[in-house]
Each structure stands twice: as C-alpha cells, then as structure tokens.
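Architecture and fold: a report
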Amino acid sequence: MELMAVAWAYWHQFFFIIFAGSAVGFGCGVLISQNIVRMAFYLVLSLGSTAGLFFLAGAEFVGAMQLMIYVGGTMVLLIFGVMLTAQKDFVNMKTHTHDWILATVVGGSLLMVLLFAAFGSEDWRSPQDPTDAHVVDTKAATPLGLALTGVRVDKLDDTNDKLNQGKSGYLMPFIIISVHLLVVLIGAAYMARTKKLSHATGLRSSRARLSVFKMEEEDEVLEEEKYVVLRKDKQAKNPLDTNDNNTENPDED
Amino acid sequence: MENTISILLGVAVLLPLGAFFVNLLAGHALRKKNLSRVAACISMGAIVTSAVLSFISLAVWLQGENPSGKSNIQALAELKESNAEHLKHLNTGFGGHAEHAEHEEHGAVGHDEHQGHDETDHDHDSTLNSTTSNRNEQFVAHEDSSEVAPETGATEESHTQPASDSHHGPQFEPMSGVYYTLGKFGSLALTIGYYIDSLTLAMFCMVTLIASLIHLYAYKYMDDELPSSKRGAAVDCTKNRFLAFFYRFGAGSHDDQDSHDDHDEHDEHDEHDDTDGPEDDFMFVDHEVSMEDGSHCHRTGRYPRFFQALSLFCFSMLGLVLAGNVAMTFVFWELVGICSYFLIGFYVERKSASTAANKAFIVNRVGDFGMIIGLMIFWTGFGTFNYGDDGDEIGLFSQMEGATVHHVAAHESVDSASVPAVVPAKLVTAFYEQEIKDHKTEHGVSTEQAIADLQHERAENGESPLGYWLMIIGGLGIFCGCIGKSAQFPLHVWLPDAMEGPTPVSALVHSATMVAAGVFLVGRFYPMFVPEALLVIAIIGTITLFIGATIAITANDIKKVLAYSTISQLGYMIMALGAGGWVAGLLHLFTHAFFKSLLFMGSGSVIHAVHTNDMREMGGLRKKIPVTAYTMFVACLAIAGAGIPFVIGTSGYYSKDSILEQAFSWGQQNGFAFGGIFFWVATASAAITAFYMFRMWFMTFAGKPRNEERYSHAHEYPNMVYPLVILAVFAIAVAWPNPLHKGFDLSTLLEASRPATISGTTLNGSASAIVIPDEHLSHMNSIKTPVTLLATMTGIIGILLAAFMYVLPGSRGLAAAEMAAKFKPIHNFLLNKWWFDELYEVIFVKPSQVLGSWISWIDQNILDSIIHFCARATKAAARFWERLADQIIVDGSVNLMARWIYQTGVSLRRVQTGSLRQYVLFIVIAAITVFILVSFMWDPVSIAGH
Amino acid sequence: MLLFATVSVSWYLAVGAILFVLGAVCMATKRNLLGVLMGVELVLNGANINFIAFGSRLLRSEGDTLGLDGQLIALFVIVLAAAEAAVALAIALNFYNNHSTIDIDRANELKG
C-alpha cells in the first residue's frame, strides 16, 4: 500500500520514463530495423509515445492532435507509400557499415552537444514541486482555439511586459497555414498522379513497366524512352493519340 | 631690263622642266589612250615657247641700255666699228707703231673707267662700276700716272680721246643676280643665280632653236615607238609642194615612175615590217636584241618617254647656260650628264646601248672629280662661287680683273696691253697664312704690304708668284670637267659609243649642246685660267682634234664618222680657247652646233630611209632622198670651211679660219717659226676633216647603190626634212655679217662678252714664258692672208682626195681598199680607234673588276657569314627565351593557376554527391558547428539585457 | 534514483534531443526514401517535445513558461509536418514511378 502510494507520488516520473523510454526505444527500432514495414510500425508506436509525453506535460490538446493528425494521418500516408513502393527488392535495403559509423559519429556528437545544452541551463534543471501537478488546471483547448482566432484569453491579465508582445494571437499564421495546406494538397495530388503513356512503347502503367524492366541497365534505356515519350506526349496533336488516351483512361487506375 | 631678261630666261629654262613633269606624270596614260603624240606636242610646245622667249630676251637686250648710254644694238655697231678701226691701226702700224697703239689702249682704259663711273643709272650696281669706283678711289694717284705714261711715249696724238674712238669701244656689262638663296653656310651662300651677257643670250637662242628643230625631227623619227596605226603614213614627197622643187632639182626624171611604185611598195613593206600581227599593234620589235629563244625582243613603244627625257635635257642645258655661279653650273653639269645617260640608254634592252650609257656617265664622272677639286680651290681662294657681283659680294671675275688692273696700276713698268697673269690677294691670304704672318711679325707691315713684298721677292728670285700654282691646278681642275663633258683626250672614249642612242639624241646632245657645255664653261670661266693652264688646254685640244680626225677616216658607220668628227671639232674649239682665241672658239661652237646637228639629222634621215647605219650598204642615195643629200652637202662644205677666200663663205669658213689664225698668232707670239705646232696640226687636220666628211658624203649619196634592195626602198619624210632645210640655211649664213644692221651678227655679239682680262691685252704667264696673244692681233693681214689661203687649200685637197677615192668609177673606185691594204698597220690602228678602249680596259676596268670580285668575296663569305651567324644566334636566343619565358613561365603560371582552380572546383564538386543521406549529415554537422560557434561567441545574457 | 528525481524541462529536452538525433541518423542511414521520411517525422517530433516542454506549466513556473505559445507552435509544427509529409510522399512516388526504384542512392543525377 505504501509502495502504491509512493509510486503514485512519483507518477510523473514513472509515466515519463515509460513514455520516454518507449519513444526512444521505438525510435531506435526505426533506426535499426531493415524492414520498411517494421520501421513504419515502430514509428507509429514512437509517435504514440510522444503523444503520451505531451499529455504528461499538460498539453492534452496537442497530444490529442498528435495522435489524430500525426499518427492517424501522416503515418497512414506513409504506410500507404510503403505499400505502393515496397516491392520485393525494396523492402530490405542494407546500409553499408561505413555509412553507419559516420552517421553514428556525427549523430553522437550532435547528441552530446544537445544534451550539453539541455542540461546546461540552471533554469531548466530546477525541479518543480510534484504536488503542484494536481493543482494546476491545464485546460488548454479553448484558449488554444481562441488564440487561433486571434484572442489571447490566457493573457488577459498578464502584466509581464516581455510576454505582452504576443497578445495579438495566431490568426495570421492560422490563415497562412490553411492556404499552405490547400496548396500542398493540390500540389501533392498533382504530383502523384499517374502519367499517360504513348502508343510506341506499348506500356501503359508504371507497374507493367516495372515488371518488365528490373535490371539497372534497362533503367537507363527506359529513362531515355520515357523522355522521348514525354516529349512526344507534350507535342502530340494526333487525334489517334488522344483517342488512345481516351480509350485507355478507364483501364488506368 | 635686267629683271625682264632674267625672268624671261628663267621661264624659258623652267618650261621644258614643266613639260618633263607633265610627260612624266601623264605619259603612261597618254600611251595607253593612244595619244602619245600629245606628249611630243607638249615638249615641242615648251621648247618652242622657250625659243620664242629667248629671242624676245635678245631683242630686249638689244634695246636695253648700255653703260655708254646708247642701246646695246647701237653699242654693238660701235664695237664692230671700233674693232675695225683698231684692226686698221694694227695693219698700218704693224711693227713700230704697235707699241704706240698699245699705249693708247692704256690711256683709253682709264678714260673708259671714268666714263663708266659717271653713268650709274642701272637697276643694280654693275660689276664694272663698283669695282671701277673702288679702283678709282684707291688709285687716284695712279690714274694720273697712267695718263702720264702715254705722254712719255712721245706721241703726237691726243690722249684724251672720247670713249667712242677708243680701241675698246663700248663696254657691255653682264647682268648677274640671284633668283633664290638656298642657304648660307658661314661665308658660303648657295644660290640659284643668273649671269647674263650676250654670250648667254646667243647660247639660249642657239640651243632652243636647235632643240625645237630636233623636237620637230624626232616627232617623225621616233615613229617606231608608236603603234602602227598612229604612225604617219609614208608620204609621197613629190606631192609635197615645197619639197617637190628639190625633187625636180635633185632626182632624175627617169626615176619618177619608179619612185611612185617604190613609194607604194615601201608603204606596204614598211607597215608589214613594223607590225607583228593585229594584236601587237603596240609592239616595237627591236631587231638588235635577241631573246633566249632566238626571237627578237617585243616591247611596248616608249614615245612619250623619249620626249620626257628630251625635255629634261633641254631644261638642264638651259640651266647650265644661265647659271650664275660655279656650284649651280656643277649641278646642271651633272643633270646634263644624267639626261645623256637616259637618252643614250633609251633602247634599254640592247646591251650595247645600256653599256654605252654607263660608259658615258662614268667617264663624265671621272672628269667631274677634277672639277670638284678645281671648285674647292677656287672657293677657298676667292670666297665665293658667283661669277658676277651681287651687292656687296665681289664675284670671281671681278676679283681677277681687279687684281690684274691693280697690278697694272701699281707697277709702272707693266704695259696694259701685255699684262702678266696675277694672283688675287685673297687667294694668297687664304692659302698662305703662315708665310704672311711670319713676314708681318718680322717686318711689322700690313697684310697687303706683306703680300706685295712676298710676291716681289719671289719675282726677283724668278719664281712664280705665291699661289700661282694653285691657280694653275684650279684651272686645270675645272678643265678636267670639260675634258670629260666635251670628250677631249683622254676621256673621249664615250662619245662614239653614245651613238647607240636614237639619232635625234645624237643631233641635239652629242653635237650641239651637251658636248658644247664643256667648251661653254671654258669660255665662261676664262678669266680664271692662267696662261699655263691655257697652254695645257690648248695641248689637249690639239691632241684631241688630231685623234678624232684620224679615226674618222676609217669609220664605216655613218654615225661614228660624225661622232669622231664631233670629237675633232671640239678639239678645235678647245685649242682655240687655249690659244687665246675666245671669240674664235665660241664662234666655232655656234657654227658647229648648226652644221653638226644638220649632219646628224641628215644621217638619221638616211638611216630611216635605208634601215642601216653602215655606209658600205649605201650609195647613190641622192636620187632617192635629195633634200637630205643636198642639205648634208651644204653641211659638209661648212665643216670643211669652204668659201671663197676673202669674200664670203659658209659659217664654218669664218669660224675655222679664225681658229687657225689664232693658232698661228699664238705660235708667232710664243716664238715658234711660222705658226707653231698647234697651227700645223690644226691645218693638217683640216685637210683630214674635209677628206673624211666628203668620203662620207660620196659613199652615201654618190656613185652606184651598193645594196639594191635598200636603195629601192629609200625615201624621206617631210617632217624630218624641214628641219634640215632650216638648218642648212643657218649653216651657211649664221656667221655672215649682218647687211641690214651693221654690228648685229654673231661674232660681234660674242665680242661683246669678251672677258675684261683678255680684252685687248696679251696675257703673260708668270710661271713660264707662255704668252697668250690678244685675239685682235690675229686678224691682222699678216696673219690672215697666209692662213686663209692655206686653209682653203687644205680643204680643196681633202675634197679632191675623197672624190678620187670614192666617186670616180672604175678602177679608181677601189682605191679605198687598196690604200687600206697598203697602209695596213696604220689602217688597223685607226680602225681600232687607237686601241684606247682596250687600253682603258686593261688599266682601269679589269683591275676594278678584280678588286670588285675580291671585295665581293669578302662580302659574301666573311661579312655574310658574320651576319648569318648573328641572325642564327639571335634566332636561337629568341627560341630559347621564348621557350623559357613564354612557354614555361608565363604559360606555365597561367596554366598552373587554371589547374589549381579547376582542381579546387573539381574537388569541391565532389561534395555534391547527389546522395541525400550525405546532405543530411552535412546539415547535422553544420548545425553542430553553428551551435558551438554561437555558444562561444554569443552571450545571450548581454543581448537579453537590452 | 531517476525514479525519485523531479522531472524537469531538461529531461524533456533530453528526450527531444535523443529523438532528434535518432531521426537525423535515420535520415542519414536509410536507403529507402520512405525510411528517410520517417526520420524526418522523428526529427519533427523531437522538436515538438521541446516546444511542449517549454510551454508546460507543470514543469516550469508561471513566469518562465511559454504557456500557450509553446503549444500553439507545436500545433503548427504538427500541421506543417503533415503537409510536408504529403508532399514528400508525392515526390517519392514520382521518383518511384520514374526510376522504378526507391533507393535514394540511385537518385544522384545531381551529382557534381
């Protein structure tokens, strides 16, 4: 019973260690794993753990957003990508050892630097009273939303001069991000569309092409042909061509 | 008057120069446009205008003022009269009264000077007047004594005779001045100046007249140089109204029909000969030049160039005549030489012609070497080049005159009719400074006194005066130039070869003008020659006339005969001048110009008719070309000096007789028995002259034709014949006294320019016993009568001998060959021109060639080797340096820099691996670096504090 | 003893740093393009943790914390990460379609 009470007293650290450990651990798993599918799964778990960390820190809205957008959206997108491209040869790709060493060294040095920075500031190391955790009211969703519309309700009675500079709200970035998202979506959709092919090669879809040309030398030829094809595609006014295109469209996916 | 005449004559000199330039610049274009005749017209226009200007100048001079107050033409008349009077005195007073007459002359000299001094209203200070006034100022006392001296001669005639009755008659002052000063170098002023007296004017008239006639002659003669379409068609002379007279007179009537046919055939034959196919309309076929493949040389015609050279020659000759100082004379001397070179070498493609041109110029230059020495002596001694006075500067002649007169006035014992040759004080001071200074310091006297003392000393010791030998050498130096130019022995070898030029050239240059330039210079420079120099001149003249005459009797080429005849006649002139016959020599110059150019033009007409120079192919041509034949006959008479003794004669009669008279007088005065060597050689040569001239005439024009084909085609052209007729008139009449206006004739005109130093005086040599007699003495009856008879006799002997040998038919006709065989060695010697050419070849030509080959060997092997070595060394050094500096250093550094940059770029390029993963690493490393840098450099506390 | 020390900002920063480095190394070593994208997600995640840590009232006193700003920034980062992931995926698919390979070592045409 005391153990439980003690454990409960240190719940912040406990959960922190769990979430941090899983985040880091799954992150390492992403790093180490060779299989792209496994990597994707590990990443999902890591992101989820991060969301837990967010909850721990009192940013429940962000944590929820993390889970929804990141895990539920971005990762799904990645997994779709994996699905589309993870053919036989590309599922497992080994990295050379020297690359590993180089990356480890560089990453290690960056880690050193960052940890030094993280633990270097006195301000950030000072502990808080854990009991304060119960007291703090961290309802953040409404202020966040209102801040996005331009009203900073959390700073209404803020007297600190320095922080008064941010009282105007995040309406502008919100709008920008919206437009940005729109543009990105359109762009991504356009970029990822399937390309039309001409009569000459007789190959219609990337998959078919892929099945035929696997060897690296043939890649070059394909690229040249593709180049030719693309150019011809741009110039083609031949009704026969368009006819073909028209007839082909239903077949394409 | 002086300005007018100087400008007129100056323009007359420059007109042919203008024609030369026009022809030079436009000649080629004219030739291309087939307008070559225009070039001839330009030249002819220029020289005819010059002739007109010369005659106008003569007229102006005649109308001009004489120092005695009258016009010159009146003065001439008076001069003639006074000379006649004096002659009468001499003839009547022969013997005892001779001295008396001479004393009279002495008095007259003083009076003349007085008179001349009073009348000074001329455009500029006359030479005579200024020196006269000087003398008058200095020697006033002596003038009195000069008047006293005649009184001691105890004559009953008054001494104060008016100037018009004096022996000397009116004085004619020469005009001298400067057109333009080229530069003044210390005391030497180089000027373009003039010296005009009646001799100048007469020379101008003669030269321009003959040159105009030559131009007219050459207009037709040089037809070969034109395309055949432009050549004048052969003319039937019988249809020419003027010439038909001669034909009726000369040609036999039975030849008329034949001559018609011959003309027609000749026309066709002529054109066929000269054309070479329709496309070679412009070609001149030179049959004397054969090319490598055996054919004859074909070249384009050079008609304008001939007239261009001829114009330049006229300019040079006229400039020489007009020249007012010795330097200018020398310049024109050379110009005349180079024109002669161009003209002799006109047929450039013929080796003989170009060699002859070289020979002429080089031999001339040998003479010019002596001339330069003479020039230098005279300039050092006299301080000026000018003949006449120019303002303050006293010219050469005045200095000599002044010295003579001074000497005469200073020495009472000296008789003005027979003066010694003296040395002007200036020359003594110029060359003998040391002696004068010594004498001055020794005796403490003035310079003039010192000079007088020194000369006195030397005279007492029997030596020639101080500086006398310099005068001799100087005079001989100038004469050297004349030897070269006038083809005297030993430099006569160029004149026969000069016949390679076209005949108009021979007629103008080598008979009348250029070769006469030497004689003209002797005449002009006469006051500066001392009697010893004149003796040498006479000797050389005599040798020359003998050589020329003897060689001419064996010559077979018609032009060569005339060439040697020219040499001989020039020798006559030179001998006459050397013996003291100033007027005689120059008169012969004028008359010789006329009849020799007539002879040459006639021979040109003959050559044009029969297309050969060789007299052995001619004969009987007087029927075919009568005008030429009879004008040449007139000329032969003139050169032989034919005339009716004591009545009238051809021009040659007068001039040759006066030469012989002077030679005789010289011999007499110098103590030789009855004439002396000069006279006898000259008379013998007169006989030879008559002989060879008529030999030439008979061989060419008389007897039977020796070559039927040439005979049948012979005919003459009016253009070539008109000048002959005009010249024949002159050849007869140029020395006649003028019936219309007494005194206006050639000999009086020349008399008017007689230098004052020999005006009525006999010159005694101061280094020897040579005496140059006064020319007037030679006209005395005691000399004139025997000489005239002798001369006429020799002439007749010569003509008869020639007739015997060459005209009489039958066995006599072969006498020439017989005579030649009999006197074979002499004939051979003469035929080979006294072996002069071979002698010179051995003495001068071969050694020069050997020397030349040695030097050439040095040049080619040694000098060239040095230079080639230098060149190679430079090339090697350049190559080495180029390799080192340019290739290694410069290129190397540039290339090195480029390589570094490239390699840097290449190495930097390797950063772009294209590998995304490495880019990521780089980002990380960069982040680390920035972080570290910032952490060390950026102090957040201080920034946050602001 | 880790269990008994108070959780401070530094801990979160450390976790964020580790995730960041892991992501960076993942980007540097994976040959699969999608693996690289996963690394990108990890990096962004680490950054988000940092922001949240600074904005958390539980970890820092009222005066020092970023407050809502930190959370807002984290929100924006998430959105941008999503957008960026979409575009990157489109590029990856294009690359795959053109070259028939997903190996980024083959994408070195821009090699200098």
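Further up the page is the structure itself.
Everything quoted here is computed from the prediction, not taken from an experiment.

Right, let's get into the nonpolar core. Formed by 237 residues in total, the largest nonpolar core has its most connected members in Met-203 and Met-696 of chain B. The element contributing the most residues to this core is helix α22 (residues 582-610) of chain B, with 18 residues.

We now examine the pattern of salt bridges. Per the counting criterion, the structure on display carries 19 salt bridges over all chains. Of the charged contacts in the structure, one is a salt bridge between Asp-614 of chain B and Arg-616 of chain B, with a shortest N-O distance of 3.0 Å. The exposure class assigned to Asp-614 of chain B is partly exposed, which follows from its relative accessible area of 21%. The partner of Lys-784 of chain B in a salt bridge is Glu-661 of chain B, and the shortest N-O contact between them spans 3.6 Å. In this pair, Lys-784 of chain B sits in helix α30 (residues 781-806) while Glu-661 of chain B sits in helix α24 (residues 651-669), placing the two residues 123 residues apart along the sequence. Given the relative accessible area of 30%, Lys-784 of chain B is considered partly exposed. Ionic contacts of the salt-bridge type, sharing partners, join the residues Asp-99 of chain A, Arg-917 of chain B together with Arg-31, Asp-103 and Asp-105 of chain C into one network.

What follows is about the state of the cysteines. What is meant by a disulfide is a covalent connection between two cysteines, made through their sulfur atoms. Residue and element names in this part refer to chain B. Enumeration over the complete set of coordinates arrives at 0 disulfides over all chains. Among the cysteines around Cys-314, which has no disulfide bond, Cys-339 carries the closest sulfur, lying 8.9 Å off. Take Cys-314: its relative accessible area is 2%, and that puts it in the buried class. Lacking any disulfide linkage, Cys-482 is separated from the closest cysteine sulfur, that of Cys-480, by 9.0 Å.

What follows covers the sheet that holds strand β8 (residues 762-764) of chain B. The strands that make up a sheet are held in pairs by hydrogen bonds between backbone atoms, and each pair lies either parallel or antiparallel. All names here are of chain B. Strand order in this open sheet of 3 strands is β5-β8-β9, and the pairing throughout is mixed. Two strands lie at the open edges of the sheet, namely β5 (418-420) and β9 (771-772), each paired on one side alone. Relative to β9, β8 is paired through 2 bridges, and the arrangement is antiparallel. Residue pairing in the sheet places Asn-764 in a bridge with Val-771 of β9.

Attention now moves to the interface of chain C and chain A. With 79 residues of chain C at the interface, the matching set in chain A holds 94 residues. Of the roughly 8,100 Å² buried between chain C and chain A on both sides combined, carbon and sulfur atoms contribute 73%. One can count 0 salt bridges joining chain C with chain A. At the boundary of chain C and chain A, one finds 10 residue pairs in polar contact (both at pLDDT 80 or more). It is helix α3 (residues 68-99) of chain C that provides the largest number of residues to the side of chain C that touches chain A, a total of 26 residues. Classifying every residue of the side of chain C that touches chain A by side-chain character gives 51 nonpolar, 18 polar and 10 charged.

Let's shift gears to the packing of aromatic side chains. Geometrically, a pair of aromatic rings is defined through the distance of the ring centres and the angle of the planes. The tally for this structure, following the rule as stated, stands at 41 aromatic pairs over all chains. With centroids separated by 5.7 Å and ring planes inclined at 65 degrees, the aromatic side chains of Phe-489 of chain B and Phe-836 of chain B adopt a geometry described as edge-to-face. On the criterion of sequence distance, the pair formed by Phe-489 of chain B in the loop between α17 (468-485) and α18 (494-497) and Phe-836 of chain B in helix α33 (residues 836-909) is long-range, its members being 347 residues apart. Here the aromatic cluster, defined as three or more aromatic residues joined through ring pairs, consists of Tyr-195, Phe-378, Phe-382, Tyr-387, Phe-397, Phe-525 and Phe-529 of chain B. The cationic tip of Arg-193 of chain A hangs over the ring face of Tyr-190 of chain A; the distance from NZ or CZ to the ring centre is 4.1 Å.

Attention shifts here to the packing of helix α20 (residues 531-552) of chain B against helix α21 (residues 558-578) of chain B. All names here are of chain B. Where α20 contacts α21, the axes come no closer than 7 Å and their chain directions differ by 160 degrees. With respect to α21, the axis of α20 lies roughly antiparallel. Relative to α21, α20 is oriented so that their crossing is left-handed. In contact with Leu-534, Ile-537, Ala-538, Gly-541, Thr-542, Thr-544, Leu-545, Gly-548, Ala-549, Ile-551 and Ala-552 of α20, α21 contributes Val-561, Tyr-564, Ile-567, Ser-568, Gly-571, Tyr-572, Ile-574, Met-575, Leu-577 and Gly-578.

Our next topic: the interface of chain B and chain A. Counting from both sides, the interface comprises 7 residues of chain B and, opposite them, 9 residues of chain A. Carbon and sulfur atoms supply 84% of the area that chain B and chain A bury against each other, a total of about 730 Å² over both sides. Three residues, Leu-921, Ile-928 and Phe-931 of chain B, lead the burial of chain B against chain A; their summed loss comes to 57% of the area buried on that side. On the surface where chain B and chain A come into contact, there are 1 salt bridge. Here Asp-99 of chain A makes a salt bridge to Arg-917 of chain B, at a shortest N to O gap of 3.2 Å.

Attention now goes to the side chain of Thr-748 of chain B. Residue and element names in this part refer to chain B. Among the secondary structure elements, Thr-748 is positioned in helix α28 (residues 746-751). The exposure class of Thr-748 is buried, given its relative accessible area of 4%. Those residues in contact with Thr-748, other than ones at most four positions away along the chain, are Leu-76, Leu-79, Lys-80 and Gly-743.

Next up on the list: α30 of chain B. The first and last C-alpha atoms of α30 of chain B sit 37 Å apart over 26 residues, in line with the 38 Å expected at 1.5 Å per residue. Along α30 of chain B, the positions that sit buried rather than exposed are Ile-783, Val-787, Thr-788, Ala-791, Thr-792, Thr-794, Gly-795, Gly-798, Ala-802, Ala-803, Met-805 and Tyr-806 of chain B.

This brings us to the packing of helix α23 (residues 626-640) of chain B against helix α25 (residues 676-701) of chain B. Residue and element names in this part refer to chain B. Remark: α23 packs on α25, axes separated minimally by 9 Å, with the N-to-C direction vectors making an angle of 170 degrees. As far as their axial angle goes, α25 and α23 are roughly antiparallel. Only Thr-689, Ala-690, Met-693, Phe-694, Met-696, Trp-697 and Phe-701 of α25 make contact with α23, whose side of the interface consists of Thr-628, Ala-629, Met-632, Phe-633, Cys-636, Leu-637, Ile-639 and Ala-640. For the contact of α23 with α25, the class distribution of residues is 13 nonpolar, 2 polar and no charged.

All right, on to the pairing of strand β2 (residues 188-196) of chain B then. All names here are of chain B. Taken across its 9 residues, β2 has 7 buried, putting it largely inside the fold. As paired elements, strand β1 (residues 175-185) and β2 share 9 bridges and run antiparallel to each other. By the bridge assignment, Lys-184 is partnered in β2 with Ala-189. Here β1 folds back onto β2, and the loop between the two strands holds 2 residues, one of which, Gly-186, carries a positive phi near 65 degrees.

Residues and elements named next belong to chain B. A cluster of like negative charges, contributed by Glu-435, Asp-438, Glu-442, Glu-457 and Glu-460, occupies part of the molecular surface. In this structure, Glu-435 sits in helix α15 (residues 433-443). Residue Glu-435 is classed as partly exposed on the basis of its relative accessible area, which comes to 37%.

What counts as what
- Residues numbered from 1 in each chain as written.
- Chains lettered and ligands numbered in written order.
- Predicted model: local features only at pLDDT ≥ 70, side-chain atom pairs only at ≥ 80, totals over all residues.
- Heavy atoms only, no water.
- Core = buried A, V, L, I, M, F, W, Y, C linked by side-chain atoms within 4.5 Å.
- Buried < 20%, exposed > 50% of the residue type's maximum accessible area, 1.4 Å probe, protein only.
- Helix = DSSP H or I, 4+ residues; strand = E, 2+ residues; numbered from the N terminus.
- Salt bridge = Lys/Arg side-chain N within 4 Å of Asp/Glu carboxyl O.
- Disulfide = S-S within 2.5 Å.
- Pairing = 2+ DSSP bridges.
- Contact = heavy atoms within 4.5 Å.
- Buried area = accessible area lost by both parts, 1.4 Å probe.
- Polar contact = N/O pair within 3.5 Å; in protein donor to acceptor, adjacent residues only side chain to side chain.
- Nonpolar A, V, L, I, M, F, W, Y, C, P; charged D, E, K, R; others polar.
- Phe/Tyr/Trp six-rings, centres within 6.5 Å; stacked < 30°, edge-to-face > 60°.
- Lys NZ or Arg CZ within 6 Å of the ring centre and 35° of its normal.
- Axes fitted to C-alpha atoms, helices over the stretch in contact; angles between N-to-C directions.
- Parallel < 35°, antiparallel > 145°, perpendicular 65-115°, else oblique.
- Left-handed = near helix turned anticlockwise from the far one by under 90°.
- Expected span 1.5 Å × (residues − 1).
- Patch = residues over 30% accessible without salt bridge, like charges linked within 9 Å, V, L, I, M, F, W, Y side chains within 5 Å.
- Areas by Shrake-Rupley, 256 points an atom, 1.4 Å probe, with all protein chains shown as cover.
- Lys, Arg positive; Asp, Glu negative; His and termini not counted.
- Charge placed at Lys NZ, Arg CZ, Asp CG, Glu CD.

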